[in-house]
Every structure is written in structure tokens, then in C-alpha cells.
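One-letter residues, chain by chain:
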Amino acid sequence: MKDKQNYQPFCGYHQTWKGKPDEVLTKTDSGAACGEYLRRYWHPIHISSEVGDKPKLLKVMGEELVLFQDQEGGYGLVQKRCPHRRASLEYGRCEQRGIRCCYHGWLFDRDGTILEIPGEPEDSDVVKHVKENLRLGAYPVIEFKGLLFAYLGPPEEQPAFPFYDTFDIPGMTMSPYAVQFNCNWIQVLDAIVDPVHTAFLHQSQFSDGFGKMGEIEFYNRDRIRFLGTATRRVGENVWVRVNELILPNFTQAGAAFACDGTEERYFGRSAFTRWVVPIDDETCVAYAWGNFGERGDPHEWNTPEGMQMIEQGEIVERTYAERQSSPGDIEAVEGMGRISDHEKEYFVPGDRGVKLYRNRIKKYCKDVEKGKKPPQPTDLGFDVIPTYGSDSVLPVAETENENAVLRKTNDAVMNILFANDSQCGEARDSAIIESLRLIDLDT
Ligand code: FES
Ligand SMILES: [Fe+2]
């Protein structure tokens, strides 16, 4: 369909063909290639403070599930329909331990084990048989810093819960948030490895420094880590901002408000520590912590609106006129439609990061189809996984060849970030900060 005539002036008539979405990346139901790939990882599925004493009906990767907290405080994530006669457990009751179906009162433990079958003699063969042979479909849940994470894959492949360095930065306040996007998950994920978009979309929202294109660089390390850097001059400084994706859906960047390139900053950390999780193929949620403190964003932004700004550059509830005059990420990605017609995309070098990570995900989807296990962040060999999403702003003199200066600064900063992987936590951060303070790019 992409004949030359399709790109002549006034070629609208030739472009009315419909492009197809990328079927591998966009389908996340159980059984779909990407759905199976994503089911090999832990994903956040809810904010724990928003779970009350009633069960909650959720959808994760196309699966209807019921989340509950029992009176002992434990969390359960189970399939919606009761294995007895299919009543929805969203109308169930959270008991001392487990959840009780509203219809005939069967009681289920958090792992799906049947604990009670009221109305049948406890010691009857039928009850014994049912308890031994039938279970409610359930998934393991972990509560961590206000987010609930679940693993929806095969139990025998359950990976360890990955612990990233940004989970524990001294003095950082981590506030959980969730922002829903009414489009396919891959549209939302793309933006993290797309440092070009910040220059256009986010300049007016955050600072003038964002509006400078500067030098863009991409890195792929250890098969699953993708980085996009934007290195810009702001006055007497050079600002290196590192966007980060760890497959399949973990993302970080620099600060939203704390950094505009005008003041020196050494390995300032991400405004958000975030995962993009499909609800179904046409909806997804960004679950995250907003990070506030000296090395994150200022505490004054630790508000619901502040976190919406961090997530998408704008608050969520806006009029159409407001959205048109100042579009944010949500307008950019939802405007593509519920599922973008990827076949009609046209890539340029600035889209390299998007292309790289999508191809890698597709490869892992195929691997999973063939029965191979995809790489886990915990396979990287760290107890605390070092991450790179950050801002560094260094004083660097201007020269005639500014592009070379920007590239040199970018390389120097990234080499320092990469060189300290053998240390973790505070030791790594201090070593990075010290080295950044010492580099002399003027000679
Ligand atoms: S349908 Fe749930 S107990 Fe009967
Ligand atoms: Fe963005």
C-alpha cells in the first residue's frame, strides 16, 4: 500500500487505507504472546490504601479479578467467579482469613484453597473431595511501600521480587499514585525511551530547559535495560537527563520540577518510579511512586495534582479547550486512538529507542511462545539493582563546537554512571556524585 503516489501532494485519497496495530505488542490477554510474556513478571495492580473492607473488582491484562484484604490484613487476588456456581466474588465478604462467596457461603483462603463449604457435612466424602481437588484461581500479592504487586504467571516460573536502588534512598518520600490512560499500554510505554518528545510536549509544562533539543543518545545494556539521554546546554551548564526503561515496563527519568538545568545537580533521581500495566488492550494504568526529597522533586508537589503533573505534565481533569491549548502526554498517546495503527508509523533516528525496545519485547514474546524464560531484572546479579534515571547538571564552558561539548559531557556522565554498578545503594550514589563533581570537561 505504501506506493510512491501515497506521498505526493494532496495524497489524502491514497492514504485512506487502514493501518494495523502491532498484534504482538498490543495484545495482553492470557494466551496472547505479549500477555504471556508480561505474565512472567511482578506488576503493581493497586494502591494498598485504596483497598477497603469490601472486595474490589479489577481488570489486569484482560483478566477480571477480585482483590481483597482479609481481617488478618493479608491480601488476596482471585479470579472473579466462584468455582462453585460462578457468582462474582466482588459481592463476597472479607473474613478473618480469606473471602466468602455471597451466594452459598463457600470460604476461600488467599491462595484459593477452599476452607469451608457451609450446608454440607464437614466430614463428608464430597466435602473432602472438593477441598482436595477444587481451588479458586488465585495469584500471589506483595504489599510494598503502599503499592500492591501481583504475579499472574505460572507458579513454577515465579521470579523473585526485584529490588531497585531507588526503592530505598535516604530522605526520599515515596508516594504511590495511579493514572489511567485510555489506550493500549505500548503507547504509554513508548514515551520513556523518546527523549525528543520532552522538547516539544513538556517545555511549557516544566521549564525552558526542557525545550532544548540538545544531543540525544540511546543505550541498551544487559538485554533488558534501555536508556535515552538528552544532553542540553542551559546557560553556563550542561544538563544530562537520563530516561530509563527496564523490560518489560519499569520506568524512571529525571525530576519533573526540581531540575531545569540552571543549577548544578549531581545524580538527582527520578520524579517517578513507575510501571505501565495493561488493564486490557484499550486501557492501562501507570502505577508509581512520586519521589520527593532533596534528590527527587520538592515536597510541595507531593499532592494528587502534583503527581498528575509528574505523570503527564498536566492535571487529569481538564476541559477540551485546556487540553488543546496545552496538551500533555495523555493527549499525545490517547489521541492515537485506543490502539494505534502502528503500520502507519514512520520512524526517524530520534525514534531509535522506541524501535529497539519494541523489537526486544517482540523477541521475548516469541521466546516465551517457544517455552523459553525471558530475562528477569533479578538475573542481572544484583541484590539491589542499580538504576540510571537521573539528572546531572554540570558547569561546562561553551566552545565553538557545542555539539561536541554536549556529546563529551553526555559520555563522561554516562561512563561514571555505568562504572559504579559494582557498588550498591548509598555507596554507589556517593561514588557517582563524587566522580561527577570531579570531572573537568573544560580541558
Ligand atoms: S456460587 Fe459461590 S458459593 Fe455458590
Ligand atoms: Fe512525556
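Residues numbered from 1 in each chain as written. Chains lettered and ligands numbered in written order. Predicted model: local features only at pLDDT ≥ 70, side-chain atom pairs only at ≥ 80, totals over all residues.

### Concerning the overall build of the protein
Just so we agree on the cut-off: Each helix is a run of DSSP H or I of at least 4 residues and each strand a run of E of at least 2, with the numbering of both proceeding from the N terminus. Between the two quantities, the radius of gyration covers C-alpha atoms and the globule rule is 2.2 Å times the number of residues to the power 0.38. In this scheme every C-beta is placed from the backbone, and a residue whose C-beta has 20 or more other C-beta atoms within 10 Å is buried, one with 12 or fewer is exposed, and one in between is partly exposed. Placing a C-beta atom from the backbone of each residue, one calls two residues in contact when those atoms lie within 7 Å.
For the protein, the helix and strand inventory stands at eleven helices and 20 strands. Here the protein has a C-alpha radius of gyration of 24 Å; the compact-globule value for 443 residues is 22 Å, and the two agree. Oriented by its inertia axes, the alpha-carbon framework of the protein measures out at about 90 × 60 × 45 Å. For the protein, buried positions account for 44% of its 443 residues. When contacts within the protein are restricted to residue pairs at least 6 apart in sequence, long-range pairs at least 24 apart make up 63% of them.

### Describing the nonpolar core
Side chains of nonpolar character tend, in soluble globular proteins, to be buried together. Heads up, the condition is: Note on definitions: a nonpolar core is a set of buried residues drawn from Ala, Val, Leu, Ile, Met, Phe, Trp, Tyr and Cys, linked by C-beta atoms within 7 Å. Segment limits for the domains were obtained from an automatic or database-derived domain assignment.
Judged by nonpolar contacts, the single largest core of 106 residues is most densely connected at L77, V78, A150 and V188. Tallying contributions element by element places strand β19 (residues 283-292) first for this core, with seven residues. Residues from two domains meet in this core; each of domain 1 (42-157) and domain 2 (165-438) gives at least three. Setting aside anything within four residues of it in sequence, one finds V78 in contact with L65, V66, L89, I99, F108, G112, L136, G137 and A138.

### Some words on the sheet that holds strand β1 (residues 42-47)
As a general point, the strands of a sheet are linked pairwise by backbone hydrogen bonds and lie either parallel or antiparallel. Applicable threshold: A pair of strands counts as paired when DSSP detects no fewer than two bridges linking them. Fitted lines through C-alpha atoms serve as axes, helices being fitted only where they are in contact, and the angles separating the N-to-C directions of these axes extend from 0 to 180 degrees.
Ordered in space as β1-β11-β10, the three strands form an open sheet in which the pairing is antiparallel. One side of each edge strand has no neighbouring strand; the edge strands of this open sheet are β1 and β10 (141-144). Pairwise comparison of adjacent strand axes, ignoring direction, gives a mean angle of 35° for this sheet. Relative to strand β11 (residues 147-151), β10 runs antiparallel, the two sharing four bridges. Opposite E143, over in β11, you have L148 as the bridge partner.

### Quick notes on unusual backbone geometry
At the junction of L247 and P248, the peptide bond is cis and its omega measures out at 5° in the coordinates. Assignment of secondary structure puts P248 in the loop between β15 (237-246) and β16 (250-252). Phi at K145 takes a positive value of approximately 50°, unusual for a residue other than glycine. Look at K145 and you get exposed, because 12 C-beta atoms sit within 10 Å. With a phi angle near 55°, D222 is a residue other than glycine that sits in the positive phi range.

### Section: the sheet that holds strand β8 (residues 114-116)
The four strands are arranged β5-β6-β7-β8 in an open sheet whose pairing can be described as antiparallel. In the strand order of this sheet, the two ends are held by β5 (93-94) and β8, each with one partner. Summarising the sheet, strand β6 (residues 99-100) and strand β7 (residues 107-108) pair through two bridges and their orientation is antiparallel. Bridged to R100 within β7 is L107.

### Points about helix α11 (residues 425-438)
Selection rule: To estimate the expected span of a helix, subtract one from its residue number and multiply by 1.5 Å. What the arc describes is the spread of directions from the helix axis to the C-beta atoms.
Compared with an ideal rise of 1.5 Å per residue, which puts 14 residues at 20 Å, α11 spans 20 Å between its outermost C-alpha atoms and is within 8% of the ideal. Among the residues of α11, D429, I432 and L436 are the ones counted as buried. The arc enclosing the buried residues of α11, seen along the axis, measures out at 65°, which places them on a common side. Projecting away from the buried face of α11 at angles above 90 degrees are the exposed residues E426, A427, R437 and L438. For α11, the elements touching its buried residues are β17 (265-269), β20 (390-395) and α10 (402-419).

### Some thoughts on helix α9 (residues 352-369)
Taking 1.5 Å of rise per residue, the 18 residues of α9 would be expected to cover 26 Å, and the 26 Å separating its terminal C-alpha atoms lies within 8% of that figure. The complete set of buried residues in α9 reads G353, V354, Y357, I361, Y364, C365 and V368. Along the axis of α9, the buried residues cluster in a sector spanning 105°; they form a single face.

### Some points on the domain arrangement of the protein
Applicable threshold: Any residue outside Ala, Val, Leu, Ile, Met, Phe, Trp, Tyr, Cys, Pro, Asp, Glu, Lys and Arg is labelled polar, Gly included; the first ten of those are nonpolar and the last four are charged.
Domains assigned within the protein are domain 1 (42-157) and domain 2 (165-438). Relative to domain 2, the C-alpha centre of domain 1 lies at a distance of 36 Å. With twelve residues of domain 1 at the contact, the number on the domain 2 side is twelve residues. At the level of secondary structure, the elements contributing two or more residues to the side of domain 1 that touches domain 2 comprise β1 and β2 (56-60). Of all the elements, β1 adds the most residues to the side of domain 1 that touches domain 2, at four residues. A class-by-class count of the residues in the side of domain 1 that touches domain 2 yields six nonpolar, three polar and three charged.

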